[in-house]
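One letter stands for each residue in the lines below.
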Amino acid sequence: TAVNMANALKEKDIEIIDGIVTSEEDVEKVTRDLILKGAQLLVIPHDKYVIKKATTVVKLCMEAPSGPIPVFSLDDGTVRKDGAAFGVSVDYGTIGKATADTCLKIMDGNPPDQMPIVQQETANAYFNIGTWNKLGMPPIPDEIKNQAIIYGE
């Protein structure tokens, strides 16, 4: 996911500063390094170490010497619980239901190798309005806000 996102941004001539995390202990160091290198936005991918330390990432970005830096996440919980400003994520409830349905079909004797792969086709936009406002971001356009999930209202 992170590579695909980086490639899409590069196609739009947006400079990418990579931060490689190999353990939970790397998260704070890599975040500080990205801030010092001038990052203007940090993206939290689906990485178990970074998601676990998302509160630290958000705190460091909000206290950046050059001014607060927005954090975008690919996990809705990071927006809701940890204060990332915004993100896009699948609905894990929908995915859980699809997984349960697949399990029930297998338990009923359906051969798994003949079952279609099921995936969620859409994602939701999530905003932490408190963080969004602290960053001084412009108002969320109505066409996005009306379809988004807003935390902190």
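**Student:** Before we move on, could you go through the overall build of the chain and cite the residues and values that matter?
**Tutor:** When helices and strands are counted, the chain shows eight helices and five strands. Along the chain, helices and strands appear, N-terminal first, in the series α-α-β-α-α-β-α-β-α-β-α-α-β. On the principal axes, the C-alpha backbone points of the chain span a range of 60 × 40 × 30 Å. Counting across all 153 residues of the chain, residues that qualify as buried make up 33%. Of the contacts formed within the chain by residues at least 6 apart in sequence, a portion of 57% connects residues at least 24 apart. For the chain, the exposed area adds up to about 10,000 Å²; of that, 53% sits on carbon and sulfur atoms. Averaging the positions of the 15 positive and the 22 negative side-chain charges in the chain gives two centres separated by 5 Å.

**Student:** Lay out the side chain of Asp47 with the relevant residues and their values.
**Tutor:** Of note, Asp47 is situated in the loop between β1 (42-44) and α3 (48-52). Lys48 is the oppositely charged side chain nearest to the buried, salt-bridge-free Asp47, at an N-O distance of 8.2 Å. Within the structure, the side chain of Asp47 is placed 2.9 Å from the backbone nitrogen of Tyr49, a separation counted as a polar contact.

**Student:** Talk me through the pairing of strand β3 (residues 86-89); I want residue IDs and the actual numbers.
**Tutor:** Sheet analysis places strand β2 (residues 71-73) next to β3, joined by two bridges and oriented parallel. Bridge assignment links Phe72 to a residue of β3, and that residue is Phe86. After leaving β2, the chain enters helix α5 (residues 76-82) and then returns to the sheet as β3, a path that is right-handed. With four bridges joining them, β3 and strand β4 (residues 124-128) adopt antiparallel strand pairing. Looking at the pairing, Gly87 lines up with Tyr126 of β4.

**Student:** Describe the pattern of salt bridges, with residues and values.
**Tutor:** Tallied over the entire structure, the rule returns five salt bridges. In this structure, Arg32 and Glu28 form a salt bridge, with 2.8 Å as the shortest nitrogen-oxygen distance. With Arg32 and Glu28 both in helix α2 (residues 26-36) and four residues apart, the pair spans about one turn of that helix. Here Glu28 falls in the partly exposed class, since its relative accessible area comes to 33%. For Asp101, the salt bridge goes to Lys97, with nearest N and O atoms at 3.1 Å. With Asp101 and Lys97 both in helix α6 (residues 92-107) and four residues apart, the pair spans about one turn of that helix. The class for Lys97 is exposed, based on a relative accessible area of 54%.

**Student:** Hey, could you go over the packing of α2 against helix α4 (residues 54-62) for me, with residue numbers and the actual values?
**Tutor:** At a closest axis distance of 10 Å, the pairing of α2 and α4 adopts a crossing angle of 25°. Compared by their axis directions, α2 and α4 come out roughly parallel. The interaxial crossing formed by α2 with α4 has right-handed handedness. Here Val27, Glu28, Thr31, Arg32 and Ile35 of α2 come into contact with α4, specifically with Thr56, Val57, Leu60 and Cys61. Per-class residue counts for the contact of α2 with α4 are five nonpolar, two polar and two charged.

**Student:** Explain α4 residue by residue, including any values.
**Tutor:** An α-helical turn contains 3.6 residues, so a residue and the one three or four places further along point in the same direction. For α4, the full list of buried residues reads Ala54, Val57, Val58, Leu60 and Cys61. Across the axial projection of α4, the buried residues extend over an arc of 165°, all falling on one side.

**Student:** Let's hear about α6: which residues, and what values?
**Tutor:** Across its 16 residues, α6 extends 22 Å between first and last C-alpha, which sits within 8% of the 22 Å expected from 1.5 Å per residue. Gly109 lies just past α6 and shows a positive phi near 100°.

Definitions and cut-offs
Residues numbered from 1 in each chain as written. Predicted model: local features only at pLDDT ≥ 70, side-chain atom pairs only at ≥ 80, totals over all residues. Heavy atoms only, no water. Helix = DSSP H or I, 4+ residues; strand = E, 2+ residues; numbered from the N terminus. Buried < 20%, exposed > 50% of the residue type's maximum accessible area, 1.4 Å probe, protein only. Contact = heavy atoms within 4.5 Å. Areas by Shrake-Rupley, 256 points an atom, 1.4 Å probe, with all protein chains shown as cover. Lys, Arg positive; Asp, Glu negative; His and termini not counted. Charge placed at Lys NZ, Arg CZ, Asp CG, Glu CD. Salt bridge = Lys/Arg side-chain N within 4 Å of Asp/Glu carboxyl O. Polar contact = N/O pair within 3.5 Å; in protein donor to acceptor, adjacent residues only side chain to side chain. Pairing = 2+ DSSP bridges. Right-handed = clockwise from strand over helix to strand, strands pointing away. Axes fitted to C-alpha atoms, helices over the stretch in contact; angles between N-to-C directions. Parallel < 35°, antiparallel > 145°, perpendicular 65-115°, else oblique. Left-handed = near helix turned anticlockwise from the far one by under 90°. Nonpolar A, V, L, I, M, F, W, Y, C, P; charged D, E, K, R; others polar. Arc of directions from axis to C-beta. Expected span 1.5 Å × (residues − 1).

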